[in-house]
Each structure stands twice: as structure tokens, then as C-alpha cells.
Amino acid sequence: MAIVRPENMDFSKQTFSAIIYGSPGMGKTTLAISAPKPVLIDFDNGVSRVAAAHRVPTIVCSTYEEVLADIDSPDMKEFETIVIDTGGSFVTYLKDWAFRTKKDCKTQKGTPNTLKQFGYAKSEFMAFTEKITKVMHKNVIYVFHSEEKADKDGNPVQRLMCEGAARNTVWNGCDFGGYLQMINNERKLCFTPTDDYFAKGTHGIVGNITVPVLDANTPNVFMTQLFEKARKSIIEESDANTKERKKYDEVMGEVKKIVDAVTDVDTANQALATISDLEHAMTSKKESGAMLNAKAKELGLKYNGKSKAYVTKEG
Amino acid sequence: MTMVHITKTLLESWRYCFSCYEGYEDEAYADFLKTLRREQTETTEAMLNGLAFEDRCYRAAEGKTIRTDAKWREGALKVADVIRGAQIQVPISRPIEVDGTTYLLKGVLDALKAGVIYDVKFLSKSLGSADVYGKWLNCTQHPAYFYLVPEAHEFQYVGSDGEDIYIETYQRDQSPDIHEIIHDFLEFLKTEGLMDVFAERWAV
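Quick caveat: nothing in here was measured; it's all calculated off a predicted structure. All residue numbers refer to position in the chain's written sequence, counted from 1. Chain letters and ligand numbers both follow the written order, the letters beginning at A and the numbers at 1. Two thresholds apply to this predicted model, a pLDDT of at least 70 for residue-level local features and 80 or more for giving and counting side-chain atom pairs, whereas whole-chain, interface and lining totals are computed over all residues. No hydrogens and no water enter the side-chain calculation; it runs on all heavy atoms of the structure.

1. Points about the nonpolar core
Joining through side-chain atoms within 4.5 Å is the link that ties buried Ala, Val, Leu, Ile, Met, Phe, Trp, Tyr and Cys residues into a set, and such a set is a nonpolar core. In this scheme, a residue with accessible area under 20% of its type's maximum is buried, one over 50% is exposed, and one in between is partly exposed, where area comes from a 1.4 Å probe on protein chains only. If you look at the biggest cluster of nonpolar residues, it comprises 87 residues, and the most contacted ones within it are I84(A), F128(A), Y142(A), W171(A), F32(B) and F198(B). For this core, the element with the highest residue contribution is helix α6 (residues 178-191) of chain B, accounting for seven residues. Two residues form a contact once any of their heavy atoms are found within 4.5 Å. Once residues lying within four places of it in the same chain are set aside, the contact partners of I84(A) are I41(A), F43(A), F90(A), F128(A), I132(A), V140(A), I141(A), Y142(A) and V143(A). Counting 27 residues, the second largest nonpolar core, distinct from the first, contains A18(A), V47(A), V143(A) and V211(A). The numbering of helices and of strands both runs from the N terminus, where a helix is a DSSP run of H or I of at least 4 residues and a strand a run of E of at least 2.

2. As for the interface of chain B and chain A
Each partner contributes to the interface: chain B provides 36 residues, whereas chain A provides 28 residues. The contact between chain B and chain A buries some 2,700 Å² in all, and 51% of this surface belongs to carbon and sulfur atoms. Residues R159(A) and D131(B) are paired through a salt bridge, measuring 3.6 Å at the closest nitrogen-oxygen approach. Polar contact criterion, stated in full: a pair of N or O atoms within 3.5 Å, where within protein one must be able to donate a hydrogen and the other to accept it, and residues adjacent in sequence count only if both atoms are side-chain atoms. Counting every contact that joins chain B to chain A gives 20 residue pairs in polar contact (both at pLDDT 80 or more). Once two parts are joined, some of their accessible surface, as seen by a 1.4 Å probe, is lost; buried area is that loss totalled over both. Each reported salt bridge corresponds to a side-chain nitrogen of Lys or Arg within 4 Å of a carboxyl oxygen of Asp or Glu.

3. A look at the pairing of strand β5 (residues 139-150) of chain A
Residue and element names in this part refer to chain A. With six bridges joining them, strand β1 (residues 17-22) and β5 adopt parallel strand pairing. Paired with S17 across the strands is V140, a residue of β5. Of the pairings in the sheet, the one linking strand β4 (residues 81-85) to β5 comprises five bridges and is parallel in character. Opposite I82, over in β5, you have V140 as the bridge partner. Looking at chain direction, β5 and strand β6 (residues 156-160) are connected through five bridges and run antiparallel. Opposite A150, over in β6, you have P156 as the bridge partner. Hairpin geometry of β5 and β6 is characterised by an intervening segment of five residues between the two adjacent antiparallel strands and by a positive phi of about 85° at G154. Strand pairing is defined by DSSP finding a minimum of two bridges between the two strands.

Read these as layout, nothing more, since geometry by itself doesn't imply function.
Structure below.
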């Protein structure tokens, strides 16, 4: 293991995890494979609907084990992005895999124990994503169909078409997630959440971005450019944040030493003054106040707002 | 003049009058009045579960052992991984001027670390059985807490059903202005003739 300081961090090869969802026929698969050097895992037989000029290498499979074998093959080295199409169908494959390979997924009658199936599917879904992003260091894009549901007032809302916990947990590690829809006859990938649909935008990827119309001669590079923009934004954010974060780490290290040295009311009040005089960064001032208060409480002291000092409980 | 304070609980109770299920409006309004009058409310099982779960998360974050057979252990450990190293249960307040009057906005941050505010939410429904994402989009908590901690750039709702976690992140620039929310809240109180109750019961 190596400790890399913020000022030495290199984001030029930063990979991303993204979600694209929308109605059938919107062109989600074509959009997803516009990412850098993609390979498509076609759980949904979607590649046939991609225009021939824009098709990319595709893993066609009938079981999850086949996907695993392909993912682990040396051929994967040349690809930078893995597109999972669709996330909902992937869960169906995982349920099938769990039923066939995990003993406790079968009831005594031989029928599926759906609760167990979903449990395994959820864990494997996350483990698979982690492997792609953390071990293989590739981008991952999950494509989902959307389905219209009704909110509490009966208004239509767009949700991911997916069974089980994966429809929630898939958002955790995702850098950005966009809902693809038509607005004024233009396809827009929408990254800012609204009451009608959920979305996730970060690293400068926010709002509604127009997806260009493709013909056979147009390069399919929308997601590649989006990733590039996000990467540039991270580098800029990092440059601005590095100094602040370094200062924060230093001041919090200092505060810890000061608080550790507090043993009674006098040292608590000395610490109060010393901490207040430090040059703070980010939320260090509020955090150090909370740290000192916790230590004072341990020692049976309380803060007197009028005298702006710690006193013993009796005093 | 005595300053009046406002909490996230009060604002959320008001917001629930508009976001509750159809047919529950009267019940939501009655609950809001109870909160506004600061009447003792019955502690529900859901509230107790939430408190017990949070306590488990904080203990795990401090490195304390959670029994292997303890309820919600998996979820608590996952939440602890997120908030480890943060300051826990940080009370905070800051004056806020809305429509020419200064109020005291108060809150308790579940966890605070390096510019990020975390709020732990116990979910009574399993993450496998319901769509949770987007659940906190209109919540008044992140706009309020961004105001309380001007140095914070990010707010994370860390939801757990006791087994898995779901994190919903909001950046400062994605968050509505709390001044506008409080303005709407005060307008509601005026329309309903409840300003006197508010001023009396929520005086600092």
C-alpha cells in the first residue's frame, strides 16, 4: 500500500461509473457505447437495435458464468468501458445464477427461494461493479429501462426498471446518472434531479445536455466527451481543494494533540483559546469545538455560555 | 424582542402537510400543530428503532464491537465505514434573517467530517422492496444544514434498512435557499393564524 498525498494525486486516468435510463427506443444503448473503447454486455439483446455503423464488440451470453469468463479473459485488456445493458436484465441473470449454484436458493420442493435469490443477486451485482471499477480500473455504464410509476399524489414519476435492492444501491458508487428524454424534439440527458425523475450530477456534469443526432458518418463520442469534461473538472476541483485539504489535515492533527492534553478545567480553557487562535480550514473549527466539548463532558465539565468558558459541574 | 428559533423537525413537520399521502392531510396538519405547540408526542416504534440503529452506527464508527448476532449489524457497520473519523452529534445554531426578522436556526449534525455533513436515516422498509432514490430531494434538512455550516460543500443522507446502505448526495450549489423555505413556512403560519403560537412556543 502507498500513501498518496492530495497534491500528488493523478486524476488524468480517473474512471467513472454512470447510469443512463429512459424509455425503450430512446437510443440508450447507442449513447452508452459512445464511451471510450467500450465493450457491451448485452443482457437484453439490444445490440441489434444499434445502427450497424456504431456497433461495438459485444459479449452475448446465456448465463452469468459466461459473462464472468469473458470478463476475466485477456481480451478485456483493450477495453476501457464496460456497458451493462440492461441493469434490470443483469439482475434476472444473477437470480438465475443464484438459483442454479446456491443450495439455499431452492426450497425443499425445488422452487426458488426468491428472498435468498435477491440477496445473492444484490451482493453479486455490487461485487461485479466493484471488480470492474476498483480491480480492472475501467469505466462502467449501467443502462436501465425506465418505468412510469405514480407518486403519493398519483403524479407520474420515472423509475429504474429493476427488481430488488440493486435499483437503490447502484446509485451509491455512481458518479453521475442521467434520465434520457425528449424535450422540444431534442434528446436530452438530464443530470439534475426533479420531482419527475431522479438523476445525479457531479464534477461539472449537471443540467440537461443535448444528445446530438447521429448518422453513419458521425463519430459516436458523446459519453467519451462527457467523461473528459468530468475528468478536467476533477483536476480543477482537486487543484483548488488540495491546499485547503492539506491545511485541514494539519489543523485537525494539531487539534487532536491539544484535546488529548486536556485533563481538567484549566487545560480545557487553555485548549479553547488555543483552538480558537488556530488558522482553520474547511469544517475544522466546528469539528474541533465538538471534539473539545466531548472531552470536557468526559471530564465532567460544562460550557458556560455567559463566561464563554468551561466550568466544573459544581461551579 | 425575544428571538424565535426554528429547527429542521419543525420545518419537516410543516413540509409533511404537503407531501403526505392523499387522504392523510388532516392527520399531517394535526401532527404539525402538535410540533408547533411543542406538545409531547408519543414515541413510536419506528422512532425507537431509528435511535437504536443510529446508536449502533456511532458505536461501530468509534471502533466499539458490535455483537455478531446484533440486529441491523451489517447496516450499522456499512454506515460506520462512511462516517468513521467524523465528529458525531454536533449541535449547531446560527441566526438567520428572513423578511426583516432574525430567527435562530438550530440543528444537530449526525456527523461532520472534512466539509461533508452526514445524516443517518433508518429505513423501515427494505431497500429491496421500495424505490428510495430521490427520497430526500425536497427535504428541508440539507438546505438548513448548508446554512448552518457555511464551510460544508456536501451533504450525504446515509440511509440503511439495517442490512444495506443507500447514499444520496447533495452539493451546496444543488440545494435550494433556506431563506425561501423559511419565508414560505412563515407565510403559511400567517395564513393559518399561527404566528402567535410560533412566537410563544419557539422563543429562545
